[in-house]
Amino acid sequence: MANVVFLHGGGMGGWVWAELAKTLRAEGHTVFTPTFTGFGERSHLIGRDVTHDVHVTDIVNVLTFEDLHDVVLVAFSYAGTVAPGVVARAGDRIARVIYFDGIVPLTGKSVGEAVGYMKTEDAAGLDALLASGEGPIGTGVDEMQRNGAKEKPMKMSAERQEWLLAHLSDMPLRGMVSPVTHGAEAIDKPVDYLAILGDVMDPVQHDRARALGWNVETAGPDIDHAFIVGAPDRALAFLRPRL
(Lines give C-alpha, C1' and ligand atoms only; values in the text may rest on other atoms or scores of the structure.)
Protein backbone atom coordinates (compact mmCIF):
# COMPACT_ATOMS: atom_id res chain seq x y z
CA MET A 1 0.00 0.00 0.00
CA ALA A 2 1.22 3.50 -0.82
CA ASN A 3 1.51 6.83 0.95
CA VAL A 4 -0.14 9.29 -1.42
CA VAL A 5 -0.04 13.08 -1.02
CA PHE A 6 -2.30 15.00 -3.40
CA LEU A 7 -1.52 18.63 -4.27
CA HIS A 8 -4.41 20.67 -5.65
CA GLY A 9 -4.72 23.29 -8.37
CA GLY A 10 -5.42 27.02 -8.43
CA GLY A 11 -8.54 28.22 -6.64
CA MET A 12 -9.07 24.78 -5.12
CA GLY A 13 -8.14 23.05 -1.88
CA GLY A 14 -7.76 19.57 -0.45
CA TRP A 15 -11.51 19.16 -0.84
CA VAL A 16 -11.13 18.66 -4.62
CA TRP A 17 -9.66 15.19 -4.03
CA ALA A 18 -12.65 13.91 -2.03
CA GLU A 19 -13.72 11.14 -4.41
CA LEU A 20 -10.22 9.98 -5.32
CA ALA A 21 -9.11 9.99 -1.68
CA LYS A 22 -12.17 8.02 -0.54
CA THR A 23 -11.58 5.35 -3.18
CA LEU A 24 -7.86 4.97 -2.49
CA ARG A 25 -8.36 4.83 1.28
CA ALA A 26 -10.94 2.09 0.82
CA GLU A 27 -8.28 0.18 -1.13
CA GLY A 28 -5.90 0.47 1.83
CA HIS A 29 -3.69 3.38 0.81
CA THR A 30 -2.71 6.20 3.16
CA VAL A 31 -3.87 9.47 1.60
CA PHE A 32 -3.23 13.09 2.53
CA THR A 33 -4.94 16.04 0.83
CA PRO A 34 -3.37 19.21 2.29
CA THR A 35 -4.56 22.70 1.34
CA PHE A 36 -2.11 25.47 0.48
CA THR A 37 -2.07 28.64 2.60
CA GLY A 38 -4.68 31.11 1.33
CA PHE A 39 -6.81 28.50 -0.47
CA GLY A 40 -10.02 26.66 0.42
CA GLU A 41 -10.61 26.23 4.14
CA ARG A 42 -7.40 28.23 4.64
CA SER A 43 -8.60 31.14 2.51
CA HIS A 44 -8.76 33.34 5.61
CA LEU A 45 -4.94 33.29 5.53
CA ILE A 46 -4.68 34.87 2.08
CA GLY A 47 -2.29 37.81 2.07
CA ARG A 48 0.43 39.65 0.22
CA ASP A 49 3.08 37.76 2.19
CA VAL A 50 2.01 34.35 0.86
CA THR A 51 4.73 33.66 -1.70
CA HIS A 52 5.19 30.56 -3.81
CA ASP A 53 7.76 29.28 -1.30
CA VAL A 54 5.09 29.31 1.43
CA HIS A 55 3.17 26.66 -0.51
CA VAL A 56 6.29 24.52 -0.80
CA THR A 57 6.75 24.82 2.96
CA ASP A 58 3.11 23.84 3.52
CA ILE A 59 3.79 20.46 1.95
CA VAL A 60 7.27 19.92 3.38
CA ASN A 61 5.74 20.42 6.82
CA VAL A 62 3.02 17.84 6.14
CA LEU A 63 5.67 15.29 5.16
CA THR A 64 7.76 16.13 8.21
CA PHE A 65 5.13 16.29 10.92
CA GLU A 66 3.16 13.31 9.61
CA ASP A 67 6.48 11.42 9.37
CA LEU A 68 5.80 10.32 5.80
CA HIS A 69 8.27 8.36 3.69
CA ASP A 70 8.15 6.61 0.29
CA VAL A 71 5.55 9.16 -0.76
CA VAL A 72 3.87 9.25 -4.16
CA LEU A 73 3.44 12.98 -4.73
CA VAL A 74 0.55 13.79 -7.07
CA ALA A 75 0.49 17.35 -8.43
CA PHE A 76 -2.40 18.85 -10.38
CA SER A 77 -2.23 22.09 -12.41
CA TYR A 78 -0.75 24.89 -10.21
CA ALA A 79 0.71 22.28 -7.85
CA GLY A 80 3.08 21.24 -10.60
CA THR A 81 5.08 24.32 -9.65
CA VAL A 82 5.13 23.31 -5.97
CA ALA A 83 6.24 19.71 -6.42
CA PRO A 84 9.85 20.48 -7.50
CA GLY A 85 10.47 22.55 -4.37
CA VAL A 86 9.09 19.76 -2.21
CA VAL A 87 11.42 17.24 -3.85
CA ALA A 88 14.38 19.61 -3.48
CA ARG A 89 13.74 20.13 0.22
CA ALA A 90 12.38 16.72 1.25
CA GLY A 91 13.52 14.37 -1.48
CA ASP A 92 14.42 11.62 0.98
CA ARG A 93 10.70 11.28 1.69
CA ILE A 94 9.57 11.08 -1.95
CA ALA A 95 9.50 7.89 -4.02
CA ARG A 96 8.02 9.23 -7.25
CA VAL A 97 6.08 12.19 -8.64
CA ILE A 98 2.95 12.11 -10.76
CA TYR A 99 1.71 15.14 -12.65
CA PHE A 100 -1.96 15.45 -13.54
CA ASP A 101 -1.78 18.02 -16.37
CA GLY A 102 0.44 20.23 -14.23
CA ILE A 103 2.45 23.37 -14.88
CA VAL A 104 6.13 22.59 -15.48
CA PRO A 105 8.00 25.52 -13.87
CA LEU A 106 11.31 27.16 -14.69
CA THR A 107 13.81 27.98 -11.94
CA GLY A 108 13.76 31.67 -11.04
CA LYS A 109 10.67 32.40 -13.10
CA SER A 110 7.20 33.04 -11.69
CA VAL A 111 4.18 30.82 -12.23
CA GLY A 112 2.64 33.63 -14.25
CA GLU A 113 5.61 33.51 -16.61
CA ALA A 114 5.52 29.72 -16.80
CA VAL A 115 1.97 29.80 -18.14
CA GLY A 116 2.59 32.80 -20.39
CA TYR A 117 0.39 35.26 -18.53
CA MET A 118 3.08 37.88 -17.99
CA LYS A 119 6.62 38.94 -18.80
CA THR A 120 9.54 38.71 -16.38
CA GLU A 121 9.66 42.44 -15.69
CA ASP A 122 5.91 42.61 -15.07
CA ALA A 123 6.00 39.71 -12.62
CA ALA A 124 8.99 41.18 -10.79
CA GLY A 125 7.32 44.59 -10.55
CA LEU A 126 4.11 43.14 -9.18
CA ASP A 127 6.03 40.95 -6.73
CA ALA A 128 7.86 44.04 -5.42
CA LEU A 129 4.59 45.97 -5.13
CA LEU A 130 2.96 43.22 -3.11
CA ALA A 131 6.05 42.87 -0.91
CA SER A 132 5.71 46.57 -0.08
CA GLY A 133 2.19 45.95 1.24
CA GLU A 134 0.29 47.36 -1.72
CA GLY A 135 -1.58 45.91 -4.67
CA PRO A 136 -4.33 43.31 -4.99
CA ILE A 137 -4.21 40.33 -2.64
CA GLY A 138 -5.86 37.70 -4.82
CA THR A 139 -5.90 36.64 -8.46
CA GLY A 140 -9.67 36.37 -8.92
CA VAL A 141 -9.19 32.87 -10.35
CA ASP A 142 -12.40 31.58 -8.79
CA GLU A 143 -14.59 34.10 -10.59
CA MET A 144 -12.61 33.66 -13.81
CA GLN A 145 -13.35 29.94 -13.76
CA ARG A 146 -17.02 30.47 -12.98
CA ASN A 147 -17.36 32.96 -15.83
CA GLY A 148 -15.40 30.71 -18.14
CA ALA A 149 -17.73 27.80 -17.46
CA LYS A 150 -20.67 29.92 -18.60
CA GLU A 151 -19.04 30.36 -22.00
CA LYS A 152 -17.52 26.89 -22.20
CA PRO A 153 -19.02 24.29 -19.82
CA MET A 154 -16.61 21.77 -18.38
CA LYS A 155 -16.60 18.23 -19.71
CA MET A 156 -18.47 16.73 -16.80
CA SER A 157 -22.02 16.40 -15.54
CA ALA A 158 -23.85 19.59 -14.61
CA GLU A 159 -23.97 18.38 -11.01
CA ARG A 160 -20.22 17.85 -10.79
CA GLN A 161 -19.54 21.22 -12.39
CA GLU A 162 -21.89 22.97 -9.97
CA TRP A 163 -20.15 21.30 -7.01
CA LEU A 164 -16.70 22.23 -8.28
CA LEU A 165 -17.52 25.86 -9.05
CA ALA A 166 -19.35 26.36 -5.74
CA HIS A 167 -16.27 25.31 -3.78
CA LEU A 168 -13.70 27.44 -5.59
CA SER A 169 -11.96 30.23 -3.69
CA ASP A 170 -9.42 32.89 -4.58
CA MET A 171 -5.68 32.31 -4.29
CA PRO A 172 -2.77 34.56 -3.27
CA LEU A 173 -1.52 36.67 -6.16
CA ARG A 174 1.99 36.71 -4.69
CA GLY A 175 2.17 32.96 -5.23
CA MET A 176 1.75 33.58 -8.95
CA VAL A 177 4.34 36.35 -9.31
CA SER A 178 7.10 35.48 -6.83
CA PRO A 179 10.03 33.49 -8.28
CA VAL A 180 9.92 29.71 -8.22
CA THR A 181 13.00 28.69 -6.25
CA HIS A 182 13.23 25.19 -7.71
CA GLY A 183 12.20 24.45 -11.27
CA ALA A 184 11.10 21.13 -12.72
CA GLU A 185 14.69 20.11 -13.48
CA ALA A 186 15.20 19.83 -9.69
CA ILE A 187 13.10 16.65 -9.62
CA ASP A 188 15.46 13.69 -9.43
CA LYS A 189 12.71 11.10 -8.98
CA PRO A 190 10.72 9.14 -11.56
CA VAL A 191 8.01 11.37 -13.03
CA ASP A 192 4.88 10.32 -14.91
CA TYR A 193 2.79 13.01 -16.59
CA LEU A 194 -0.82 12.68 -17.73
CA ALA A 195 -1.32 15.33 -20.41
CA ILE A 196 -4.82 16.47 -21.36
CA LEU A 197 -4.96 17.34 -25.05
CA GLY A 198 -6.59 20.49 -26.34
CA ASP A 199 -6.80 22.33 -23.04
CA VAL A 200 -4.91 24.93 -20.99
CA MET A 201 -1.61 23.06 -20.53
CA ASP A 202 -1.33 21.92 -24.13
CA PRO A 203 1.20 22.15 -25.74
CA VAL A 204 3.70 24.26 -23.75
CA GLN A 205 3.68 22.37 -20.44
CA HIS A 206 3.45 19.00 -22.17
CA ASP A 207 6.46 19.78 -24.34
CA ARG A 208 8.48 20.86 -21.31
CA ALA A 209 7.66 17.57 -19.59
CA ARG A 210 8.84 15.60 -22.62
CA ALA A 211 12.02 17.69 -22.88
CA LEU A 212 12.87 16.68 -19.32
CA GLY A 213 12.60 13.03 -20.26
CA TRP A 214 9.49 12.38 -18.20
CA ASN A 215 7.09 9.61 -19.10
CA VAL A 216 4.23 11.50 -20.77
CA GLU A 217 0.91 9.88 -21.63
CA THR A 218 -1.99 11.72 -23.23
CA ALA A 219 -5.76 11.73 -22.78
CA GLY A 220 -8.64 13.65 -24.30
CA PRO A 221 -10.32 15.37 -25.98
CA ASP A 222 -13.30 13.68 -24.32
CA ILE A 223 -12.07 14.92 -20.92
CA ASP A 224 -10.68 18.33 -19.98
CA HIS A 225 -8.26 19.89 -17.50
CA ALA A 226 -10.73 19.43 -14.62
CA PHE A 227 -10.79 15.66 -15.13
CA ILE A 228 -9.86 14.95 -11.50
CA VAL A 229 -13.47 15.91 -10.74
CA GLY A 230 -15.13 15.25 -14.08
CA ALA A 231 -13.55 11.87 -14.79
CA PRO A 232 -11.97 10.53 -11.58
CA ASP A 233 -11.92 7.02 -13.03
CA ARG A 234 -9.40 8.20 -15.63
CA ALA A 235 -7.23 9.70 -12.91
CA LEU A 236 -7.35 6.44 -10.96
CA ALA A 237 -6.53 4.37 -14.04
CA PHE A 238 -3.34 6.39 -14.51
CA LEU A 239 -2.47 6.42 -10.83
CA ARG A 240 -3.09 2.86 -9.66
CA PRO A 241 -0.29 1.13 -11.63
CA ARG A 242 2.17 3.62 -10.17
CA LEU A 243 1.33 3.10 -6.50
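One can find the structure itself at the top, above this paragraph.
Residues numbered from 1 in each chain as written. Predicted model: local features only at pLDDT ≥ 70, side-chain atom pairs only at ≥ 80, totals over all residues. Heavy atoms only, no water.

Caption draft 1: Representation of helix 5 (residues 120-131) in the model. The end-to-end C-alpha distance of helix 5, which contains 12 residues, comes to 16 Å, matching closely the 16 Å that a straight helix rising 1.5 Å per residue would cover. Considering only its buried residues, helix 5 is in contact with helix 4 (111-114) and helix 8 (174-177). At the C-terminal side of helix 5, glycine 133 shows a positive phi close to 95°. (Helix = DSSP H or I, 4+ residues; strand = E, 2+ residues; numbered from the N terminus. Expected span 1.5 Å × (residues − 1). Contact = heavy atoms within 4.5 Å.)

Caption draft 2: Highlighting helix 6 (residues 141-151). Among all positions in helix 6, only Val141, Asp142, Arg146 and Ala149 are buried. Taken end-on, helix 6 shows its buried residues confined to a sector of 140°, consistent with a single buried face. When the buried face of helix 6 is taken as reference, the exposed residues oriented beyond 90 degrees from it are Met144, Lys150 and Glu151. Where helix 6 is buried, its residues meet helix 7 (158-167). (Buried < 20%, exposed > 50% of the residue type's maximum accessible area, 1.4 Å probe, protein only. Arc of directions from axis to C-beta.)

Caption draft 3: Just the nonpolar core, in detail. Counting 44 residues, the largest nonpolar core has Leu73, Val86, Val97, Tyr193 and Trp214 as the members making the most contacts within it. Ranked by residues supplied to this core, first place goes to helix 2 (residues 52-65) with 5 residues. Sequence-distant contacts of leucine 73, defined by excluding residues within four places in its chain, comprise Val5, Leu7, Ile59, Ala83, Val86, Ile94, Arg96, Val97 and Ile98. In terms of nonpolar packing, the next biggest core, distinct from the first, is built from 35 residues, Val31, Val229, Ala235 and Leu239 among them. (Core = buried A, V, L, I, M, F, W, Y, C linked by side-chain atoms within 4.5 Å.)

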